[in-house]
Structures are given as structure tokens and as C-alpha cells.
Amino acid sequence: MRIGVLGAGNMADALAAQWARKGHEVRIGAREPEKAVALAGRIGGGAEGGTLREAAAFGEAVLLAVTHEGVEDTLRQAGPLAGRVLLDCTNPMEPPFERMKTEGGPSAARRIADLTGARVVKAFNTCPDTVWRMAPPEFGGRPLGVPLCGDDPDALAVARRLVADIGCVPMNGGGLARAGLLEATTAFLVGLWMAGEDPVAMLPPAAVVADVEPMRTSETAAR
């Protein structure tokens, strides 16, 4: 698959390197093209670097891997993305992780979809680059699950393939309307990690809660 990567930072480095090793054609673009060229050289595997517009035009799938603050300028420079598969791994959060930068409005993923007309899938936003560099990301013999939120079946199929290619398990996170929940969940998880807590400890096995109706849990909490 041809993959265009918008950004030349840590997330771009981690994911692009994994996909290049799996035989995908990767082209990295950055606002400073020389940084993209340098990153492509480090990744190897035939990866190439250049402008944001070149990377966007190249990819059958496009990864948006920049800071939340850099999204709009990056998308402007990338050029037309309408109808394209766009994977959004951005996180609109800030320390001390008590509020979202999108608070009171649409999710970052929804804003990106509205700005571009792309078929956006929220993906790869729950972990730092150090996790995505693992080959594979596996803990206690269990591969990492990657929640995906999107509306387009074909775009989700592409995302699932790219998740599987790095040794992870794609998880059905629902439509793009749920992307804001995923973004907020990530901020909450980061806050726990920063406090030295293990979020895994708060999650019972799926089999225990599989038959619990959503209203039962909310009714119990309201008593």
C-alpha cells in the first residue's frame, strides 16, 4: 500500500518505520521538507521524503501525525484530501489533563473531517511513540488492541489492515461521533500514567460485563 505521512516527528517515525518494514511504500512530508527527507533516510526500506503536498498526493492512505496546534496549517499545505482515507492520531489534550482543547465543540477528528472532506478514522492515538516502535506491541503475551472510530467501511478496512501489520489487534470503537470519547479517554489514561497508576487495574475482563445493559450501570451510579 502507498502510505503518505504528514509530519516528521516521533509518531510519524514510529508508525512509518513499522509499515516500511512490512513492505508498504512510504512517503513522508513535513513543513520543512529536509526533515522529512532525513527521517525517510533513517527509516530506509525505500521510504522517501518531501513536502506535505507530495506525501498527501502519494498515499492511498494518509496518516496525520502532527501536534494538535499544527493540524490546520498542515492540512492547508497538504492540499486536497476530499474522499481520501485519513488516519488521525492527534490528541487535543494538555497537562494536567483536566480538560480538552476541543472542549465545548466537536472532536479533533470531526473537525479534521469537516475541514478536508476526507474519510477520517481516529486511530493510534492512545499510546506514545515508544509503544508503536515495539515489534510487536505485546504485553504479557497479549497483542495491543487499537480502537478505531470511523464512518466509512472501506477506510476502516484500510485502518484495520495497517493495525494488524504492526502486530496489533484492531478494535471496533464505533463511528466518528465516538472519536471525542476516545480522545477524552486518552487524556484520562495519560493523567493516570503520569500519576503512577496502572489503568489496566480498573478494567474487569470483558466476559464479566458482557451482559450488563448500559442503563443498569447508570442507574446503579445514580442511587
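Structure report, in brief. (Residues numbered from 1 in each chain as written. Predicted model: local features only at pLDDT ≥ 70, side-chain atom pairs only at ≥ 80, totals over all residues. Heavy atoms only, no water.)

Points about unusual backbone geometry
Excluding glycine, residues mostly have negative phi values, and the peptide bonds linking residues are mostly trans.
Piece 1. Geometrically, the link from Ala 135 to Pro 136 is a cis peptide bond, its omega value of 0° lying close to zero.
Piece 2. As for its position among the elements, Pro 136 is in the loop between helix 6 (129-132) and strand 7 (138-139).
Piece 3. Of note in the backbone geometry, Phe 124 takes a positive phi value of approximately 60° without being a glycine.
Piece 4. Counting through the fold element by element, Phe 124 comes out in the loop between strand 6 (119-122) and helix 6.
Piece 5. With a relative accessible area of 1%, Phe 124 lands in the buried category. (Helix = DSSP H or I, 4+ residues; strand = E, 2+ residues; numbered from the N terminus. Buried < 20%, exposed > 50% of the residue type's maximum accessible area, 1.4 Å probe, protein only.)

Quick look at the nonpolar core
Piece 1. If you look at the biggest cluster of nonpolar residues, it comprises 42 residues, and the most contacted ones within it are Trp 19, Ile 28, Leu 87, Phe 124 and Trp 132.
Piece 2. Sorting elements by how many residues they give to this core places helix 1 (residues 10-21) first, with 8 residues.
Piece 3. One finds Leu 52, Val 71, Cys 149 and Leu 176 within the second-largest nonpolar core, a separate group that totals 21 residues. (Core = buried A, V, L, I, M, F, W, Y, C linked by side-chain atoms within 4.5 Å.)

Comments concerning the pattern of salt bridges
Pairing between side chains of opposite charge can happen when the charged atoms of each approach one another.
Piece 1. Under the criterion given, the structure shown has 14 salt bridges.
Piece 2. In this structure, Lys 35 engages Glu 32 in a salt bridge whose closest nitrogen and oxygen atoms are separated by 3.4 Å.
Piece 3. For Lys 35, a relative accessible area of 46% puts it in the partly exposed group.
Piece 4. A salt bridge links Arg 133 to Asp 129, with the nearest nitrogen and oxygen atoms 3.0 Å apart.
Piece 5. Given the relative accessible area of 35%, Arg 133 is considered partly exposed.
Piece 6. Among the charged side chains, a salt-bridge network with shared partners connects Asp 13, Asp 129 and Arg 133. (Salt bridge = Lys/Arg side-chain N within 4 Å of Asp/Glu carboxyl O.)

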